Amino acid sequence: MGRYLLRRLLQSLLLLVLVSMIAFAILHLAPGGPLAQFLATGNLGPEDVARLMAQYGLNRPLPIQYLEWARNLLMGDWGRSYRDQLPVLAKIGVHIMPTLELMIASTLLAMFIGGMIGILGAVRRYSFFDNLATVGAMVALSIPTFWFGLAVIYVFSVNLGWLPAGNRENIGDGSFVDQLRHLVLPCIVLALVSTAVWSRYMRSSMLDVVNQDYIRTAKSKGVPAMRILLHHALRNALLPMITITGLHVSTLLSGALVTETVFTWPGMGRLFLDSVSNRDYPVVMGVLMFTACMVLLGSLLADLLYSVADPRIKGASK
């Protein structure tokens, strides 16, 4: 298992380097380059531009700039924002907790609801409930996140007035109940697609398990159906879901970007869009790298949990 995880770690590091190189090149090839924010004012002369390029090291060849940036990144210096001169890591640190709150809450909600729907769909295969769940999953996957977010705001905030329409908390309040009320709507919106995905994967995984010989043997021995479902079928059906959970981090992050914008949630997605709009490229690069690290870390953790849960991985990695 150690050799398998080491190989996966090296692959992830190589992929992270490739992602950083591509992102670094794209940002420098964008119109205006890294100095686009300063050039947009139209008040800079050629001498000013040359001074800024020398100040930020942009007058050197691109490979040298990348190596210098990568060295600083490894040393913990992710640069400073062009907009307010704050360290990039400090800005990410302020916005990461709201995103984690939203991702964890929506994941737990999607796993519970989607898992229950998938289990019932597999147990009652081709029933009215199973067909309804299938149609519902297709509809959920087809609904644009921004449209669904605006719809729930209109219904539950504007018309009914039950829940706040945006932000993380009310100014001057900040209590746990207040933050929980603000979390409900964005959590539901972000969990919509995840619930549909979880229900389909859980149904497929359960169907694979319930048709195995050991399940039929347990039934023939008179083992109660609920015990078979919980102690035999469900435990084995959850193994593939571990991998899906790790790979689903990228989907959650992309969905959080739209959800945070609709609900003015002060998370990483909102920070990224604001930085792109203001052409604050050091922050954009920092958010891209931090997000890539989160995705790869989720994948590695999924591999680790799967290798622990399934002994066949240990044998295959030798």
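This structure is a prediction, so every number in the text was calculated from the model and none was measured.

## Observations regarding the side chain of K91
Next, step 1: Checked against the element boundaries, K91 lands in helix α5 (residues 88-123).
Next, step 2: Assessed through its relative accessible area of 15%, K91 is described here as buried.
Next, step 3: Discounting chain neighbours no more than four positions away, the residues touching K91 are S81, D84, L86, L271 and V283.

## What about the packing of helix α6 (residues 128-142) against helix α8 (residues 176-210)?
Helix-helix packing: each pair is described by the crossing angle between the helix axes and the interaxial distance.
Next, step 1: Between α6 and α8, the shortest axis-to-axis distance is 8 Å and the interhelical angle comes to 140°. By the angle class used here, α6 and α8 are oblique. As α6 packs across α8, the resulting crossing turns out to be left-handed. Here D130, A133, T134, A137, M138, A140 and L141 of α6 lie close against α8, whose contacting residues are L192, V193, A196, V197, S199, R200 and R203.
Next, step 2: Classifying every residue of the contact of α6 with α8 gives 9 nonpolar, 2 polar and 3 charged.

## Structural notes on α8
Next, step 1: Between its first and last C-alpha atoms α8 spans 42 Å; for 35 residues at 1.5 Å apiece the expected length is 51 Å, and the helix comes up short by more than 12%.
Next, step 2: Residue L192 marks the point of greatest curvature in α8, where the axis turns by about 40°.

## Brief notes about the side chain of E260
Next, step 1: Residue placement: E260 occurs in helix α11 (residues 249-262).
Next, step 2: Although E260 lies buried, it forms no salt bridge, and the closest oppositely charged side chain, R270, sits 7.7 Å away as judged by the N-O distance.
Next, step 3: Side chain to side chain, E260 and T99 meet in a polar contact 2.8 Å long.
Next, step 4: When near neighbours in sequence (up to four residues on either side) are disregarded, E260 contacts T99, L102, W265, G267, M268, G269 and R270.

## Some details on the confidence of the model for the protein chain
Next, step 1: On average, residues of the protein chain score 83 in pLDDT, and 89% of them reach the 70 mark or higher.
Next, step 2: Per-residue pLDDT, averaged within each element of the protein chain, yields its smallest value for helix α14 (residues 311-316) (52) and its largest for helix α7 (residues 145-159) (91).

## What about the packing of aromatic side chains?
Next, step 1: For the coordinates displayed, the defined rule picks out 4 aromatic pairs.
Next, step 2: Ring plane angle 40° and centroid distance 5.6 Å describe the contact between F24 and W69, whose orientation is recorded as tilted. Taken together, the positions of F24 in helix α1 (residues 2-29) and W69 in helix α4 (residues 62-74) put the pair 45 residues apart, joining distant regions of the chain.
Next, step 3: Of the residues examined, F24 reaches a relative accessible area of 7% and is grouped as buried.
Next, step 4: Taking relative accessible area as the criterion, W69 reaches 16% and is therefore assigned buried.
Next, step 5: Ring plane angle 45° and centroid distance 6.1 Å describe the contact between F156 and W162, whose orientation is recorded as tilted.
Next, step 6: Given the relative accessible area of 29%, F156 is considered partly exposed.

## Focus: the nonpolar core
Next, step 1: One finds W69, I92, M285, V287 and M289 to be the most contacted residues of the largest nonpolar core, which totals 36 residues.
Next, step 2: Among the secondary structure elements, those contributing two or more residues to this core are α1, α4, α5, α8, α11, α12 (268-277) and α13 (281-309).
Next, step 3: If you tally residues by element for this core, the top one is α13, at 9 residues.
Next, step 4: Residues within four places of I92 in sequence aside, it is in contact with W78, M268, L271, G286, V287 and F290.
Next, step 5: Judged by nonpolar contacts, the second largest core, of 16 residues, contains W198, I215, A233 and M241.

## Structural notes on the layout of surface pockets
Next, step 1: The computed volume of the largest pocket comes to approximately 570 Å³.
Next, step 2: Among the elements of the structure, α1, α4 and α13 are those that each provide at least two residues to the lining of the largest pocket.
Next, step 3: A total of 4 residues in the lining of the largest pocket trace back to one element, the largest contributor, which is α4.
Next, step 4: Residue classes in the lining of the largest pocket are distributed as 11 nonpolar, 6 polar and 4 charged.

## Here we look at the environment of G33
Next, step 1: Tracing the chain through its elements places G33 in the loop between α1 and α2 (36-39).
Next, step 2: Residue G33 is classed as buried on the basis of its relative accessible area of 6%.
Next, step 3: Separated by 25 residues in the primary sequence, G33 and L58 place their C-alpha atoms 9.5 Å from one another.
Next, step 4: Excluding its chain neighbours within four sequence positions, the residues that come into contact with G33 are L27, H28 and Y281.

What counts as what
Residues numbered from 1 in each chain as written. Predicted model: local features only at pLDDT ≥ 70, side-chain atom pairs only at ≥ 80, totals over all residues. Heavy atoms only, no water. Helix = DSSP H or I, 4+ residues; strand = E, 2+ residues; numbered from the N terminus. Buried < 20%, exposed > 50% of the residue type's maximum accessible area, 1.4 Å probe, protein only. Contact = heavy atoms within 4.5 Å. Axes fitted to C-alpha atoms, helices over the stretch in contact; angles between N-to-C directions. Parallel < 35°, antiparallel > 145°, perpendicular 65-115°, else oblique. Left-handed = near helix turned anticlockwise from the far one by under 90°. Nonpolar A, V, L, I, M, F, W, Y, C, P; charged D, E, K, R; others polar. Expected span 1.5 Å × (residues − 1). Bend = angle between axes of the 7 residues up to and from the residue. Lys, Arg positive; Asp, Glu negative; His and termini not counted. Salt bridge = Lys/Arg side-chain N within 4 Å of Asp/Glu carboxyl O. Polar contact = N/O pair within 3.5 Å; in protein donor to acceptor, adjacent residues only side chain to side chain. pLDDT = per-residue confidence, 0-100. Phe/Tyr/Trp six-rings, centres within 6.5 Å; stacked < 30°, edge-to-face > 60°. Core = buried A, V, L, I, M, F, W, Y, C linked by side-chain atoms within 4.5 Å. 1 Å grid on protein atoms, 1.4 Å probe; cavity = no way out; pocket = protein on both sides within 12 Å on 5 of 7 lines; lining within 4 Å. Points joined across faces, edges and corners; volume = space filled by probe spheres on them.

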